[in-house]
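What the coordinates show
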Amino acid sequence: MTTTIKRTVKHLTLAALPLAASLTVTAAQAEEVNIYSYRQAFLIEPLLNAFTQQTGIETNVIYASSGLNERIEQEGRNSPADIILTPNTTILVDAYDKGLTQAVESDILTSNIPAQYRADDNHWFGLTTRGRVIYASKDRVEPGEITTYEELADPQWEGRICTRSGKHNYNLSLFASMIEHHGEEYTKTWLEGVKNNLARTPQGNDRGQVKAIMEGECDLSLGNTYYFGKMITNTAEPEQVEWANSVNIVFPNQEDRGTHMFISGAAVAKHAPNRDEAVQLLEFMSQDLAQYMYAQENFEFPVKPGTPYSALLNQYMGDFVADDVSLTAVVDHVDEASRLVDEVGFDF
Amino acid sequence: MANQPALGTRPGIPFFRHLRAWPATVFIIAGLVVLPVLSVFYLALFPTDNIWRHLYNTVLFRYIEATLLLLGGVGLLSFVIGVTTAWLVTLCRFPGRRVFEWALLLPFAVPAYVIAFIYTDMLEFAGPLQGALRDLFGWQTRRDYWFPEIRSMGGAIVLMSLVLYPYVYLMARAAFMEQGSNVLAASRTLGCTPWQSFYRVSLPLARPAIAVGLALTLMETLNDFGTVDYFAIRTLSLGVYDTWLNMGNLGGAAQIASMMLVFVVVLVTLERIGRARQRHFGQGKPNQDSALYTLTGLRAWLAFLACALPLVLGFAVPAFQLASYALGNFSTYWTDDFVEISWNSLFLASAAALVTVVIGTLLAYGRRLHPNRSVRLFVSLSKLGYAMPGTVLAIGVLIPLAAFDNSIDAFLRARFNVSSGLLLSGTVFALIFAYSVRFLAVAAGAIESSLDKVTPSMDKAARSLGMNSLETLRRVHLPLIRPGLLTGALVVFVDTMKELPATLMLRPFNFDTLATYVYQYASDEQIEVAAMGALMIVLVGLLPVIMLSRSIKGGRKAAAVLPVAEQG
């Protein structure tokens, strides 16, 4: 898949070269944009390269899995950060709550990104969406045997469910959405039920659970959608293809509210020294090319309606009902969800 | 320690200036180094809400139980491996001993999160070992046979011990070497069996040094997050991250981190009290070859095995696995970036080693000259950074640096209407500062235990011959404690190569080290891509291990022939 993306970029380069050249001539000095990224640098590199080729704006990146908001907060008005890039809403809302973001009024952004995937006051924007789905063993789970998150607490699944730590943001986000839909009381009972059904102590990551299904340790697992794409196309570790082939993807709650979704997204920093370039980058990321590259490279879903899906997404995850619950409402419950995880001893 | 004569305050020495200069130096340096830890304490004063009720009612005791179990297990196993191997290679002659002397340090170059990843890959159900067993015995599923679960408390204890025991080994070996075989020989002529002389003479004499090594091992275990998280062990570190990131309560997280420091302080204090009245100075000339026992036959083989096992498991297996991942696709994974990234790591590790050793020496010597309460307190405080979870400490580093930058900027804006922006934050300086804060305990531990063994009569002799305190340090102590200095430098170098959380958070734009490179891919489960970087960490880490290990031996010879040392 890396080669595909490189080819895409190369074509782009050729197409954009004259444009880029004219831009560099007109620019008095090298324009740049500084990115504080909670997403791995190599994940966004192809996009940033395409951006540089199209606009002539150089990109600088710091990647860290935690602490960047705190860094910007301490750096204060002298912070070089222009853009904060995150893999979830929690960090975006945290940056917003800390007063680290600013509003961006852009017709491009508002027309490309549906309202449910951005902040009401345009302080942050979702760029891709991902679903939290149930992976079910092809051999041991009949299609239709499980259709909702709620059923994960059903005693029929006792000793048959695997998941990563309940404290991971992906699980907490799902649990928080349960709180939003059903209230805290219900969610606690539900969590107890799920815990009783666990085949083993929560451990590893989403892919590890699918592997455990293949090995027969459990029959169901929770996982994000894009991991399926990463497994089934894995050339470096071909055994992952087998893991993926041992499961069906179940998009839960198709008859009612839909599958729980989260976004990856970005915000422009309050004291951004290169605000214009930052906005340009945001706009670029919401446009067709970047949106398509996301789907192609990372198997995430584009937020921009009408962006063509890659063949793989179409084949396995083409059409499903997504939960359109407010993202900020879910984030508000993450703290509660984390406490519930402790209360039911989910991870022990 | 209380009985140590206060060298710097002795009357009649005409270097009054220096009497003031040393405590001042200690206060300034220790004050700077302790700032980040104090910043974390400060954060702890402002939690968004009280987490303790919730923790107390739910998971606090489980966290503490897991933390204590892990600390106990890693401490015990590292002690056994480190002391046994150190004693064997120092005092016994057996095949391979010369190689083991330095090779036993090699596992140290393997980051704990890497060894965790590799062994899990090999030993889990789908791994090659269990696969082969299933093929061999015709088992089908998990329920057909029993196999130890690698992702467990036991697995974490074994794997972390395998890469952390070198702290104990290093300190214990230095201590055994410095004891000189004549002490042991004397105990033998007084009727001790070899075992008795080990238990009753060697071990008690080496206790301070071993305690330092053990304390480092435990602190490293305590601040680890990546490895325990990977093994699904819920320690207090998890509580710190959970409270900070999931409950949005950095102050609460800082409170837990501060509480973890209490563990360390209690540990260290208990040990100090335990040996308060013990004080030993190396009076004997250390022998170049301190071996006392020549092992033959079965005993020689057992000794060989005892040293080979940790070396194979802690180094050879993971290194081989990494090499087979990395070299299998060398052309795909090797990029020109590696030269630059390796260079970054090399530069940072060297700088951190140099800075911590210089600072550590100044602090240790300052404390030696003025062992009063406030000096000792400051020196102890300056070492706390090592026991804090890395990311929390990184925030602690950020606070004073950014405050400094922003104050200067605000001043310049107000006075001259110009902006200086950020001078230190987000630069390589910030990284080196962070490493110094984090690893000072490591360097200082090695240096202090060396310096403590130099008899105070050496200082007195030098001073009565007209040297001032600085000259005494330079001409008398530095040559004598050279092994300690090199040991400190080596450990900080390798630790910096592996350091991850502070590097991730504080680095400049577009700046990678080998550790961040490995993490970036490993966290996306691309272990094959990460392997090249991990292999480079191990290889670059090898250089100083071998170099310094030789140099320490050479240094001992050099120190031994100095006339001043002969008179000790």
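1. Concerning the overall build of chain B
Secondary structure summary: chain B contains 25 helices and two strands in total. Across the 568 residues in chain B, those meeting the buried criterion constitute 51%. A separation of at least 24 residues holds for 85% of the contacts in chain B among residues at least 6 apart in sequence.

2. What to know about the overall build of chain A
Summing up its helical and strand segments, chain A has 15 helices and ten strands in all. By principal-axis analysis of the C-alpha atoms, chain A measures approximately 70 × 40 × 30 Å. For chain A, the proportion of its 348 residues judged to be buried stands at 52%. Here the contacts in chain A between residues at least 6 apart in sequence split such that 80% fall between residues at least 24 apart.

3. Describing helix 20 (residues 469-480) of chain B
All names here are of chain B. Given a rise of 1.5 Å per residue, twelve residues ought to cover 16 Å, and the 15 Å separating the end C-alpha atoms of helix 20 matches this to within 8%. Every buried residue belonging to helix 20 is among Ser469, Thr472, Leu473, Val476, His477 and Leu480, and all of these are buried. Projection of helix 20 onto a plane perpendicular to its axis shows the buried side chains occupying an angular sector of 125°, all on one side.

4. Some points on the confidence of the model for chain B
Residue and element names in this part refer to chain B. For chain B, the average pLDDT comes to 84, and 90% of its residues sit at 70 or higher. By mean pLDDT, helix 25 (residues 563-566) is the weakest element of chain B at 33, and helix 3 (residues 60-91) is the strongest at 94. Residue range residues 1-18 is modelled with pLDDT below 50. Its contacts to residues more than four positions away, or to other chains, number 25 contacts. Scored by ipTM, the complex comes to 0.86, with pTM at 0.87.

5. Quick word on the packing of helix 7 (residues 184-197) of chain A against helix 15 (residues 334-343) of chain A
All names here are of chain A. Two elements in contact, helix 7 and helix 15, have axes whose closest approach is 10 Å; the angle formed by their N-to-C orientations is 40°. The angle between helix 7 and helix 15 places the two elements in the oblique class. Considering how the two elements wind past one another, helix 7 and helix 15 form a crossing that is right-handed. Side by side, helix 7 and helix 15 meet where Glu184, Thr187, Lys188 and Leu191 of the first sit next to Glu336, Leu340, Val341 and Glu343 of the second. Per-class residue counts for the contact of helix 7 with helix 15 are three nonpolar, one polar and four charged.

6. Some thoughts on the interface of chain A and chain B
Between chain A and chain B, the contact holds 40 residues from the first and 40 residues from the second. Residue assignment for the side of chain A that touches chain B shows that the elements contributing at least two residues are helix 2 (41-55), strand 2 (58-63), helix 3 (68-75), helix 8 (206-214) and helix 15 of chain A. Broken down by element, the residue count for the side of chain A that touches chain B peaks at six residues, all from helix 15 of chain A.

7. A few points about the environment of A:Gln291
Residues and elements named next belong to chain A. Inspection of the secondary structure assignment puts Gln291 in helix 12 (residues 288-298). Separated by 106 residues in sequence, Gln291 and Glu185 have C-alpha atoms that sit 39 Å apart. Setting aside anything within four residues of it in sequence, one finds Gln291 in contact with Ser286, Pro302, Lys304 and Thr307.

8. Description of unusual backbone geometry
Peptide bonds are trans in most cases, and residues, glycine excluded, mostly fall at negative phi. With phi around 60°, A:Asn122 is a residue other than glycine that occupies positive phi space. Looking at the secondary structure, you find A:Asn122 in the loop between helix 5 (107-112) and strand 5 (125-137). In this structure A:Asn122 comes out as partly exposed when scored by C-beta crowding, with 18 C-beta atoms within 10 Å. For B:Asn510, which is not a glycine, the phi torsion comes out positive at approximately 55°. On the basis of neighbour counts, which here come to 14 C-beta atoms within 10 Å, the residue B:Asn510 falls in the partly exposed class.

Quick notes on the rules
Residues numbered from 1 in each chain as written. Chains lettered and ligands numbered in written order. Predicted model: local features only at pLDDT ≥ 70, side-chain atom pairs only at ≥ 80, totals over all residues. Helix = DSSP H or I, 4+ residues; strand = E, 2+ residues; numbered from the N terminus. Buried ≥ 20, exposed ≤ 12 C-beta atoms within 10 Å, placed from the backbone. Contact = placed C-beta atoms within 7 Å. Expected span 1.5 Å × (residues − 1). Arc of directions from axis to C-beta. pLDDT = per-residue confidence, 0-100. Axes fitted to C-alpha atoms, helices over the stretch in contact; angles between N-to-C directions. Parallel < 35°, antiparallel > 145°, perpendicular 65-115°, else oblique. Left-handed = near helix turned anticlockwise from the far one by under 90°. Nonpolar A, V, L, I, M, F, W, Y, C, P; charged D, E, K, R; others polar.

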